[in-house]
Number of protein chains: 8
Amino acid sequence: MNETRLAALLSDVAGGELSVDAALDRLRTLPFETLEGVATLDHHRPLRTGFPEVIYCEGKTVEQVAVIAERLAAHSSRLLGTRATEAQFAAARGRVSDLQWHGQARCLWLDREPEAARQEGVVLVCAGTSDLPALEESALTLRLMGHEPCKITDVGVSGLHRLFPCIPTLQKANVIVVVAGMEGALASVVGGLTNAPVIAVPTSVGYGASFGGVAALLAMLNSCASGVAVVNIDNGFGAGHLAALINSRIAKNREN
Amino acid sequence: MNETRLAALLSDVAGGELSVDAALDRLRTLPFETLEGVATLDHHRPLRTGFPEVIYCEGKTVEQVAVIAERLAAHSSRLLGTRATEAQFAAARGRVSDLQWHGQARCLWLDREPEAARQEGVVLVCAGTSDLPALEESALTLRLMGHEPCKITDVGVSGLHRLFPCIPTLQKANVIVVVAGMEGALASVVGGLTNAPVIAVPTSVGYGASFGGVAALLAMLNSCASGVAVVNIDNGFGAGHLAALINSRIAKNREN
Amino acid sequence: MNETRLAALLSDVAGGELSVDAALDRLRTLPFETLEGVATLDHHRPLRTGFPEVIYCEGKTVEQVAVIAERLAAHSSRLLGTRATEAQFAAARGRVSDLQWHGQARCLWLDREPEAARQEGVVLVCAGTSDLPALEESALTLRLMGHEPCKITDVGVSGLHRLFPCIPTLQKANVIVVVAGMEGALASVVGGLTNAPVIAVPTSVGYGASFGGVAALLAMLNSCASGVAVVNIDNGFGAGHLAALINSRIAKNREN
Amino acid sequence: MNETRLAALLSDVAGGELSVDAALDRLRTLPFETLEGVATLDHHRPLRTGFPEVIYCEGKTVEQVAVIAERLAAHSSRLLGTRATEAQFAAARGRVSDLQWHGQARCLWLDREPEAARQEGVVLVCAGTSDLPALEESALTLRLMGHEPCKITDVGVSGLHRLFPCIPTLQKANVIVVVAGMEGALASVVGGLTNAPVIAVPTSVGYGASFGGVAALLAMLNSCASGVAVVNIDNGFGAGHLAALINSRIAKNREN
Amino acid sequence: MNETRLAALLSDVAGGELSVDAALDRLRTLPFETLEGVATLDHHRPLRTGFPEVIYCEGKTVEQVAVIAERLAAHSSRLLGTRATEAQFAAARGRVSDLQWHGQARCLWLDREPEAARQEGVVLVCAGTSDLPALEESALTLRLMGHEPCKITDVGVSGLHRLFPCIPTLQKANVIVVVAGMEGALASVVGGLTNAPVIAVPTSVGYGASFGGVAALLAMLNSCASGVAVVNIDNGFGAGHLAALINSRIAKNREN
Amino acid sequence: MNETRLAALLSDVAGGELSVDAALDRLRTLPFETLEGVATLDHHRPLRTGFPEVIYCEGKTVEQVAVIAERLAAHSSRLLGTRATEAQFAAARGRVSDLQWHGQARCLWLDREPEAARQEGVVLVCAGTSDLPALEESALTLRLMGHEPCKITDVGVSGLHRLFPCIPTLQKANVIVVVAGMEGALASVVGGLTNAPVIAVPTSVGYGASFGGVAALLAMLNSCASGVAVVNIDNGFGAGHLAALINSRIAKNREN
Amino acid sequence: MNETRLAALLSDVAGGELSVDAALDRLRTLPFETLEGVATLDHHRPLRTGFPEVIYCEGKTVEQVAVIAERLAAHSSRLLGTRATEAQFAAARGRVSDLQWHGQARCLWLDREPEAARQEGVVLVCAGTSDLPALEESALTLRLMGHEPCKITDVGVSGLHRLFPCIPTLQKANVIVVVAGMEGALASVVGGLTNAPVIAVPTSVGYGASFGGVAALLAMLNSCASGVAVVNIDNGFGAGHLAALINSRIAKNREN
Amino acid sequence: MNETRLAALLSDVAGGELSVDAALDRLRTLPFETLEGVATLDHHRPLRTGFPEVIYCEGKTVEQVAVIAERLAAHSSRLLGTRATEAQFAAARGRVSDLQWHGQARCLWLDREPEAARQEGVVLVCAGTSDLPALEESALTLRLMGHEPCKITDVGVSGLHRLFPCIPTLQKANVIVVVAGMEGALASVVGGLTNAPVIAVPTSVGYGASFGGVAALLAMLNSCASGVAVVNIDNGFGAGHLAALINSRIAKNREN
């Protein structure tokens, strides 16, 4: 504890065990140590919140991913690598033998924690089969952060009737992640049917003028339904992470 | 009739009333006259189809609009001017005293045809009050072309329940025009609920990242519902015109 | 029939054969059943309209496509898979032995219906040889939906004379699909020459600043010819489907 | 209650007070009534959640805004009109005499509820004075929904030291709304300093290449900090609404 | 003459009237003087080619335009100011009493040259009345440069028949300027009908997704007709200038 | 000759050898025959102007290219295929044994014409080695159209001194093609140094924010030098073709 | 001095004049005080470097600007307000009577410092008269920061000869700011002629496809000349500020 | 030396060894020779400033790179090739046996200069591991130009505490290069913490809506911190070069 360390230091000065100059020397760097304390807290945060360390693998060499994974696995019981290739995974498993692979989500992951009850309350919805990679990235993120999401798949707005049986599930959710490509209308429809906060994930699925997800992104940003916010294209991880933060806070209070 | 005129000319040659050279002279320009014949047919088409002459007023001076309106009103019992200003209308009415003004649609128009039964079968749907200008431009176009559209307004996807009572109306339509800004999701929802051809009109309604209608435009182009095609942003006229073309053909066959 | 079922249920209640509570239990889920009824109708619609089930293959694994194709082929005599790869087709044919492949359109398809007369009235026009894939996707869609399109190819606007002999064909059409890349001007030219509804398909064909079809898309959206609506870039399927919906309605009425 | 009404109807049938046909007649429209029931619930939701009716004033005439405001004020004790002009407000106050005006937020609003304790937990942060309109729109939305946001202003990243004294406030927040134009970096910095969910609002503030807020929007979507989601440019209302939804759920559980 | 001056300098050195050092001093700055010689030639070029000085008035104050016009009118018998406002013109005419104003082209201009035969050979074509400002800017530029353009107006591709009577005129042209907004297809159609070089001017005329002329610009850049090059949106001056350069060269050779 | 045929037809009618009805029948289709006559002239134009048939190979299959090349080579002594792959070339040479390949320009070509003097007057300039493919495509086009371009390479504006020795060459040119990527400034610099018409070809050469040639394209469209027009990104063929059209007209007149 | 304060605090603890708890209390807030110390230094920096406080006036109300100006003028002898309106200036001068106005630069400013020698070494170059506002904003910024820039105006690349006499001035510069709109080529040309660091300011001057400065921005980012970096469109202030930072460091070292 | 050559020439004339005419002949081309002298100076500049010749390898063939490298290595002791492939390097090393390869920076380079002290003062900072390629390209450029940059890596703004220990290093820098992808916020944060000129390099690192570096580019251009200028996406070379120019000038003055 910083405050403890500060009190000890001051006591040492008060007791004459530490000279003013020596104390000054140590305090001179304190602001940064203190900030490192913030950093340390920050560093501890993942463990507290059940949030694993995350490696963004795109643009890293196979070797870089392997080294980072090994280093993280030495200090953390959980880790997640997004946008990974199978080659990156293979190299990393060479160093972390119990590393796992999720092909559809393109993630490498590790979970050495004892199995425990996960928090419910997050619902993941996606419009079509082609949106599954982002949905699965969200789901894996949530599970590593201690949540058990409920998945509803293939309920695109061109066949609304498929969505209706799910309305009760949606209305009971603490937070909903909607994953959709093409015109991304599902976010507005779900946002209009429920009272829950909605995190929308545009995907890069679609014909020409979807422009790699821009059409869905813009649609979601312009949703006429209130209560919708948007993350980056295909960013299932980001949506999952944010959903976990929100759900944790709701659940934590519920427990008290 | 061109063919009649050609027959007459040939008869004159056959009867010696017209020399070969004189006939040649007149025929030399015939291809263009013939094309003008196509043009004439084209020119007659509006009358046949009930389609009025249209003035695109934007970028024209007040004087230009007035002169064009006067000239058209001399040959046609109907006319339509889109994207007009009140000043353009005022100047034009100075020359065409029975010209009408539709403020919300920003159109000047004229209809001297005797009142007659209009064709039903076109349904116009819009998402919000702010989308009314484009919807009214469609409606006015349809009426001038001899159709009586059914209007459904303020049924945005953020409150789907407002749309459901309209499903039977939508399912009976020959063709549907969907007008929506923001995320434009209404086109997909309507497209998924019915079997009718859907013409989508994106509007420039929305917060910042609607980019003047681009968000809705892209959403509609990427609709996951089949049977949807799109016209230009705020182009209520274009959608109305196309809907009239389609509805006419369906109705015409129905009558036979 | 829902209404029949409702009447029976009410009779049972009236006759004491069903308790109020039991009736309530069954009615409680009725809205969704009713909506599922809509869904069922929706589900039956393809059979009624001759429209096959469609798999959008892009972004799906080879295995997913094969499984979906197998499932659909068990319930439907026709199916269509767009944006397919040969590998997806090969896997799917492993499960559906009579599945067909259309290389240029990149479609897998199945048609077990007895050969029957197809509806005429749809004309497909494309500007150049490079636009053929989208045109063929339209044609295949139309054929699976019971239409026999007439194809006019290689009539780009840089050589208008090639288009003129086709004017009579265009003018007799119920609906026209225009497929063009580069500057997409063919849609305006065709739209100006005929009275038929025009569905324009921009293609991703072109030099640098065609931006993957955006130039043609914008040109078509801004067509100075009335009666033109646009589908997504390279979306031959969408245009074919919409053309079929329109043509069916015209033809159906004609028959009556 | 729907179920109650259904039970009564069934009892009436069981008791012979209602014929099967009459019951059938009423049930025939039941699905929509039932959906209207969902709608009714939906309609009741604002009152339950303290959420006022919202008028998006942009693109509406002065008269339309006034009429809608009057109609809403007749049924609701609270209302909010965003993107309003002073002229729209003046016209609306002509019909709703206790209507209020918030110039900086460009909102008209009404709150006839007895003053009550508001929920704390939402922190609003903005980068500069020019971002205040969006922040105030968020604040007003939150207040009308029963929350008392804490505001931190003028803490742009070009002078991080101004932000540091606020870190404890940020770390205690249930949810944070970050409003920033120009490069929008504040969202990432705040997201990196806290564990709270962050809703980012890009604003249209900035020199040329901010492109009306696109620079900030893209920056926020690409935030390297996890736990950040984004709403539309200048959409303070949307962020405030979403923050209220999240905060309500956390607070509600806390109370239990 | 530079060469004369050089010869004189060298003679002076040869004759001992100028020391090597003094000559060196003068020669040290010669390259720039020589370049100024190029500049002087360049400066003389307008007079030789009949090309007037041009003031781009946009973004200049009324006073700046007036001063520049006055200065130019003192040295040049012709001048042209594009993108001018009436206020700029009024101020400039206060100093140059014979200055002229072309309202549709938004140009101020001066031509004190004795009337002389202008070169024929340039044809200007525009699609609609709204495109006239750019066409007139081209025409005025050409006239000031000594050419007499032939104008063909209102021949948009939605009514090709209007264009056909003009084909002989187009085919006799030395160079053609095509001015069109909306989808800009006229450039391709004209390019396909003739063998002449075509300079295309996209205009900012059009509904929403014309994006201020981008649609026409892209269409023209992607023209499937060979022999088409493009200038900036609404840049009638640029097209007129280039057409004049080309036409001059053709005519000059013709005369020899 | 059409006129001859018309005269004969009329004579036949006048002489009673052809009935009015039969003449009418033949004249009814005349417009298209006449237009086909235009077409025929158009078809003959390449031979007259020395312009070869062109195959745009991108998006065509190897087989399609080979078939088209074979067909063209049967009727034409010259042909050009742009954007070709080596595989397309190989297949085409299988059918046209004297077909040639230009690797840097990615063109296949054929020239069976007897060697003849080519017209001089076109200067091709490029900024860097990476711009050579587009420059060579221009050069090849020009040579096949009977021109012998002068090439100046590697004179980018970051070392203007390299350009200066070429000024006399530039100033003697009839027409100049400037090929440049990155910021495309060379077009403005050359345009400012000469009086010749300049055709600018933006190339897709450059770091990230060149956006595949958009930066150069915009720069060239916005050139502050008059007398510059632009073709599509990397469209060396288009620039070469246009340069040839202009140069032919200048040269033709010169000869007279 | 912070360190002094820390030493005093520690001495007080050592001497028993301050209890450990009281010291702890004060140190608990120290990190932020220390950061505020950084902030204080930061706050002092303007005075040290001669850099005035800057108000970005756009998006601020007249009243806000006046209040901020008054507050700053109470603590600072210099201030600068960019993107100001005359109304903002008038209101601010109501509170700060010696406030100055620079109309072309759209800046309000104050300089109460005694006149002193300014540092030379910064050269400002602009392409045309329309670029003067941004250039003057740079110049004013530099002057308020203690530099005396040399201005070279109206040397656009379409007349390179105007630039050549300035080469010696450019080559002696410590740092050069190049301001240009349209195609922005001046930055590359200047960058190629000198060895000095070049800061490029794109301006929003230009015809249609300059897109409000995007063309110049992209051109400058893609400059083939090394040693060029770019600031935001029209951001004369930013370029001036950066130039002052660089020039100060060069001059400071020179003095030692 | 040009001046020497000029003096010699003049002496020859003065001494009668060279006739005026012969001198005139040689001087006639002098402007270009003189410009070549400028060019020569320009050519010598790299040696003077320690700046190596640079080959932009992208878009060049393996053979072209090898030939250019060989030619440069014959005249220069240093060279740099950016955006190189390993194949290009291999071919070039076949001709220049001591050529080096930097895989992460994708550069080939040569440095035959004797090891000498490099100038300090440039600090390179990057946000994440994936930004290393651009940072290393900057570093290599700086080293070849005689500077020894200090590198700070992996200090993204989502964990500001990692950046704080580096503040003293940043504050002592003469010039700072900030390399960041995603939202690019690091440039603003660093710019706000220091007084040094900041050169920002956006990288193409990021999820979907980073659009290949556009998000970071726009963020950096819109930095609310003063003193930041931007180079092209991933253009580590450009930033390194500019930093070297600035650092040289500061250091050079320091030495005097």
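Reading the values: the criteria
Residues numbered from 1 in each chain as written. Chains lettered and ligands numbered in written order. Predicted model: local features only at pLDDT ≥ 70, side-chain atom pairs only at ≥ 80, totals over all residues. Heavy atoms only, no water. Helix = DSSP H or I, 4+ residues; strand = E, 2+ residues; numbered from the N terminus. Buried < 20%, exposed > 50% of the residue type's maximum accessible area, 1.4 Å probe, protein only. Contact = heavy atoms within 4.5 Å. Areas by Shrake-Rupley, 256 points an atom, 1.4 Å probe, with all protein chains shown as cover. Least-squares fit on C-alpha atoms with pLDDT ≥ 70 in both. Domains from an automatic or database assignment. Salt bridge = Lys/Arg side-chain N within 4 Å of Asp/Glu carboxyl O. Polar contact = N/O pair within 3.5 Å; in protein donor to acceptor, adjacent residues only side chain to side chain. Pairing = 2+ DSSP bridges. Phe/Tyr/Trp six-rings, centres within 6.5 Å; stacked < 30°, edge-to-face > 60°. Nonpolar A, V, L, I, M, F, W, Y, C, P; charged D, E, K, R; others polar.

## Quick word on the overall build of chain A
Broken down by element type, chain A carries 10 helices and nine strands. Looking at chain A as a whole, 62% of its 256 residues qualify as buried. Considering only contacts in chain A between residues 6 or more positions apart, those separated by 24 or more positions represent 66%. Carbon and sulfur atoms make up 52% of the accessible area of chain A, which totals about 9100 Å².

## Remarks on the relation of the copies chain D and chain G
Superposing chain D onto chain G requires a rotation of 90° together with a translation of 0.1 Å along the rotation axis, leaving an RMSD of 0.1 Å. Taken together, the rotation and translation relating the two chain copies correspond to the operation of a four-fold axis. No C-alpha of chain D approaches the rotation axis more nearly than that of Phe211(D), which lies at 7.4 Å.

## Thoughts on the domain arrangement of chain A
Often the size quoted for an interface is simply the accessible area lost on bringing the parts together. All names here are of chain A. By domain assignment, chain A separates into domain 1 (20-111) and domain 2 (122-255). Counting residues at the interface gives 17 residues for domain 1, matched by 13 residues for domain 2. Counting across the domain 1 and domain 2 interface gives one salt bridge. The salt bridge involving Arg83 is made with Glu137; its shortest N-O contact spans 3.9 Å. Applying the counting criterion to the domain 1 and domain 2 interface returns two residue pairs in polar contact (both at pLDDT 80 or more).

## Focus on helix 9 (residues 214-221) of chain A
Taking burial as the measure, the eight residues of helix 9 of chain A include eight buried ones, the bulk of the element. Inspection of helix 9 of chain A places Val214(A), Ala215(A), Ala216(A), Leu217(A), Leu218(A), Ala219(A), Met220(A) and Leu221(A) among the buried residues, and these make up the whole buried set.

## Considering the side chain of Thr141(F)
All names here are of chain F. Here Thr141 shows up in helix 6 (residues 132-144). Since its relative accessible area comes to 1%, Thr141 is described here as buried. Not counting the four nearest positions on each side in its chain, Thr141 is found in contact with Leu80, Phe237, Gly240 and His241.

## Some words on the pairing of strand 5 (residues 122-126) of chain E
For a regular strand, side-chain orientation follows a simple rule: the groups alternate between the two sheet faces. All names here are of chain E. The buried fraction of strand 5 is high, at five of five residues. Residues Val122, Leu124 and Cys126 of strand 5 are buried on one face, and the alternating residues Val123 and Val125, pointing to the opposite face, are buried as well. Note: strand 5 against strand 7 (residues 175-180), five bridges, orientation parallel. Its bridge partner lying in strand 7, Val125 is registered against Val178. As defined by bridge partners, strand 5 adjoins strand 6 (residues 150-152) across three bridges and the pair is classed as parallel. Considered in strand 6, the bridge of Val123 is made with Cys150.

## Notes on the environment of Val231(D)
As for its position among the elements, Val231(D) is in the loop between strand 9 (228-230) and helix 10 (236-255). For the pair Val231(D) and His75(D), spaced 156 residues apart in the sequence, the C-alpha separation amounts to 29 Å. With near-sequence residues (within four places) excluded, Val231(D) lies in contact with Leu221(A), Val228(A), Ala229(A), Ile199(D), Ala200(D), Val201(D), Pro202(D), Leu217(D), Gly238(D) and Ala239(D).

## Observations concerning the pattern of salt bridges
As enumerated under the stated definition, the model contains 88 salt bridges over all chains in all. Residue Arg112(C) pairs with Asp98(C) through a salt bridge whose shortest N-O separation is 2.8 Å. Highlighted residues: Arg112(C) in the loop between strand 4 (107-111) and strand 5 (122-126) and Asp98(C) in the loop between helix 5 (86-95) and strand 3 (100-102), separated in sequence by 14 residues. Residue Glu148(F) is joined to Arg143(F) by a salt bridge in which the shortest nitrogen-to-oxygen separation is 2.7 Å. Take Glu148(F): its relative accessible area is 30%, and that puts it in the partly exposed class. Linked by salt bridges that have partners in common, Arg78(A), Asp111(A), Glu115(A), Arg118(A), Arg143(A) and Glu148(A) make up one network.

## A few points about the packing of aromatic side chains
Residues and elements named next belong to chain B. Overall, the coordinates contain eight aromatic pairs over all chains when judged by the stated rule. Residues Phe89 and Trp101 carry aromatic rings whose centres are separated by 5.3 Å and whose planes lie at 25° to one another, so their mutual orientation is stacked. Linking Phe89 in helix 5 (residues 86-95) with Trp101 in strand 3 (residues 100-102), this pair joins segments that are 12 residues apart in sequence. Given the relative accessible area of 24%, Trp101 is considered partly exposed.

## Quick notes on the interface of chain D and chain G
Chain D puts 15 residues into the contact, and the matching count from chain G is 21 residues. In this structure, the connection of chain D to chain G is made through zero salt bridges. Connecting chain D to chain G are three residue pairs in polar contact (both at pLDDT 80 or more). Partitioned by chemical class, the residues of the side of chain D that touches chain G number eight nonpolar, seven polar and no charged.

## Description of unusual backbone geometry
With a phi angle near 65°, Asp234(A) is a residue other than glycine that sits in the positive phi range. By the secondary structure assignment, Asp234(A) is in the loop between strand 9 (228-230) and helix 10 (236-255). Look at Arg83(H): it is not a glycine, yet its phi comes out positive at around 50°. Tracing the backbone through its elements, the reader meets Arg83(H) in the loop between strand 2 (78-82) and helix 5 (86-95).

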